[in-house]
Amino acid sequence: MGIADQRFTVNLSILFTELPLLERPAAAAAAGFSAVELWWPWIDAPVPERSELDALKRAIEDAGVRLTGLNFYAGQLPGPDRGALSVPGEESERFRANIEVTAAFAESLGCTALNALYGNRVEGVDPAEQDALALENLVLAARAADRIGAVLLVEALNAVESPRCPLVSAQAAVEVVDKVNEAGGLGNARFLMDLYHLAMNGEDLPGVIERFTARTGHVQIADSPGRGAPGTGSLPLEDLLDQLTKAGYEGLVGLEYKPGDRPSAESFAWLPRAAR
């Protein structure tokens, strides 16, 4: 086994960002990839104009790549926000308004994985109130995902970069997954295992893989420290991916790393073109 035996999807919200959004799918295809994923592309518009949605859909189709993952609206990302669904008031309402838009766009491109970022703690608001709101919104998102045959992903971030986010361990994220599945009764919520975030939290990555692969709907990678390409940090990513395969993970691996001070297309030297 090894890197060449994995199947990868490129996150166009962190790679190829030196290009306009509509040029990124073709750039990924030119770099040898056939699958892409995205954070919600319109950070100020949970319900963008139809023309914007149509333009992005055409760009993906014309490039000949598959959209394999899409985030729901998550506020200013990148930026100070870490999600919207647990934030009372306007942000929660914006998340709800976005649910059907995201699901419809994903369905139009055959995308079957939707990621819902939890959100930060809000000063002066009872955490229990936020958690209740989060569960309500996650169940709504799980229902929308189920209607299009998709899974709902719940991701653990890291406490270093996201100190106000409560989901900063694999265990915490999986507990939310279980609550959503129990409350919604659909069973389509899954853990998003981001090895970079978990490494930044100091977690035992082999232990996480052993315990939670069966509950995992998607995996994302970047090296740590630095969130760069594999080989720029100290994570044994090839060994970890091999362990995931042995544990039964058969899904895609999302490349969610920063390319550094170079064009994104030059950041894939670690990955043989035939393996893309």
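Note that this is a predicted model, so its numbers are computed, not measured.

Reading the values: the criteria
Residues numbered from 1 in each chain as written. Predicted model: local features only at pLDDT ≥ 70, side-chain atom pairs only at ≥ 80, totals over all residues. Heavy atoms only, no water. Helix = DSSP H or I, 4+ residues; strand = E, 2+ residues; numbered from the N terminus. Polar contact = N/O pair within 3.5 Å; in protein donor to acceptor, adjacent residues only side chain to side chain. Phe/Tyr/Trp six-rings, centres within 6.5 Å; stacked < 30°, edge-to-face > 60°. 1 Å grid on protein atoms, 1.4 Å probe; cavity = no way out; pocket = protein on both sides within 12 Å on 5 of 7 lines; lining within 4 Å. Points joined across faces, edges and corners; volume = space filled by probe spheres on them. Nonpolar A, V, L, I, M, F, W, Y, C, P; charged D, E, K, R; others polar. Buried < 20%, exposed > 50% of the residue type's maximum accessible area, 1.4 Å probe, protein only. Pairing = 2+ DSSP bridges. Right-handed = clockwise from strand over helix to strand, strands pointing away. Axes fitted to C-alpha atoms, helices over the stretch in contact; angles between N-to-C directions. Parallel < 35°, antiparallel > 145°, perpendicular 65-115°, else oblique. Left-handed = near helix turned anticlockwise from the far one by under 90°. Contact = heavy atoms within 4.5 Å. Salt bridge = Lys/Arg side-chain N within 4 Å of Asp/Glu carboxyl O.

Caption draft 1: Inspection of the environment of Thr232 at higher detail. Tracing the backbone through its elements, the reader meets Thr232 in the loop between β7 (216-221) and α8 (237-246). When the C-alpha positions of Thr232 and Ala222 are compared, they lie 9.1 Å apart, and in sequence the two are ten residues distant. One polar contact links the side chain of Thr232 to the main-chain carbonyl oxygen of Ala229, over a distance of 2.6 Å.

Caption draft 2: Region of the structure containing the packing of aromatic side chains. According to the stated counting rule, one finds eight aromatic pairs in the structure shown. On the basis of an interplanar angle of 90° and a centroid distance of 5.7 Å, the ring pair of Phe8 and Trp270 is categorised as edge-to-face. With a gap of 262 residues between them, Phe8 in strand β1 (residues 8-11) and Trp270 in the segment after β8 (253-255) connect regions that are remote in the sequence. These aromatic residues form a ring-pair network of at least three members: Phe8, Phe16, Phe33, Tyr257, Phe268 and Trp270.

Caption draft 3: How the structure looks around the layout of surface pockets. The computed volume of the largest pocket comes to approximately 350 Å³. Along the walls of the largest pocket sit 20 residues, with Trp39, Leu77, Arg82, His197 and Arg227 positioned nearest its centre. In terms of residue class, the lining of the largest pocket is built from six nonpolar, eight polar and six charged.

Caption draft 4: Seen up close, the pairing of β1. Side chains Phe8 and Val10 of β1 all project onto a buried face; the interleaved residues Thr9 and Asn11 project onto the opposite face, where all are buried too. Two strands pair when backbone bridges link them, and β1 and β8 are joined in this way by three bridges, in the parallel orientation. Paired with Thr9 across the bridge in β8 is Gly254. Examined bridge by bridge, β1 and strand β2 (residues 35-38) share two bridges and lie parallel to one another. Each residue of the ladder has a partner; that of Asn11, found in β2, is Glu37. For the segment spanning β1, helix α1 (residues 24-30) and β2, crossover handedness is right-handed.

Caption draft 5: Main features of the packing of helix α5 (residues 170-184) against helix α7 (residues 205-212). The geometry of α5 relative to α7 is characterised by a closest axis approach of 11 Å and an angle of 15° between their N-to-C directions. With respect to α7, the element α5 is oriented roughly parallel. The two elements α5 and α7 cross, and the hand of that crossing is right-handed. Each of Ala170, Gln171 and Val174 in α5 lies in contact with α7, whose residues at this interface are Val208, Arg211 and Phe212. By residue class, the composition of the contact of α5 with α7 is four nonpolar, one polar and one charged.

Caption draft 6: Summary view of the sheet that holds β8. Pairing within the closed barrel is parallel, and its eight strands lie in the order β1-β2-β3-β4-β5-β6-β7-β8. Neighbour-to-neighbour, the strand axes of the sheet open up by a mean angle of 30°, direction not taken into account. Bridging between strand β5 (residues 151-155) and strand β6 (residues 189-194) involves four bridges; their strand directions are parallel. The residue of β6 that forms the bridge with Glu155 is Leu192. Where helix α3 (residues 90-108) meets the sheet, its contacts fall on β3 (66-71) and β4 (113-115), and the angle it forms with β3 comes to roughly 170°.

Caption draft 7: The arrangement of the pattern of salt bridges in detail. Summed over the entire model, instances satisfying the criterion amount to nine salt bridges. The partner of Arg94 in a salt bridge is Glu90, and the shortest N-O contact between them spans 3.9 Å. Of this pair, Arg94 and Glu90 both sit in helix α3, separated by four residues, roughly a single helical turn. Judged by its relative accessible area of 59%, Glu90 falls in the exposed class. The residue Asp178 makes a salt bridge to Arg215 at a minimum N-O spacing of 2.5 Å. With a gap of 37 residues between them, Asp178 in helix α5 and Arg215 in the loop between α7 and β7 connect regions that are remote in the sequence. Residue class for Arg215 comes out partly exposed when judged on its relative accessible area of 30%. Residues joined in a network through salt bridges with shared partners are Glu90, Glu91 and Arg94.

Caption draft 8: A look at empty space enclosed by the protein. Counted according to the given criterion, the structure contains two cavities of 30 Å³ or more. Of the pockets and cavities examined, the largest cavity occupies roughly 70 Å³. The set of elements that each furnish at least two residues to the lining of the largest cavity consists of β2, β3, β4 and β7. Looking at which element gives the most residues to the lining of the largest cavity, the answer is β3, with four residues. Counted as a void, the second largest cavity has a volume near 40 Å³. In this structure, the second largest cavity is lined by Trp39, Trp40, Trp42, Ile43, Tyr73, Ala74, Gly75 and Leu77. A class-by-class count of the residues in the lining of the second largest cavity yields seven nonpolar, one polar and no charged.

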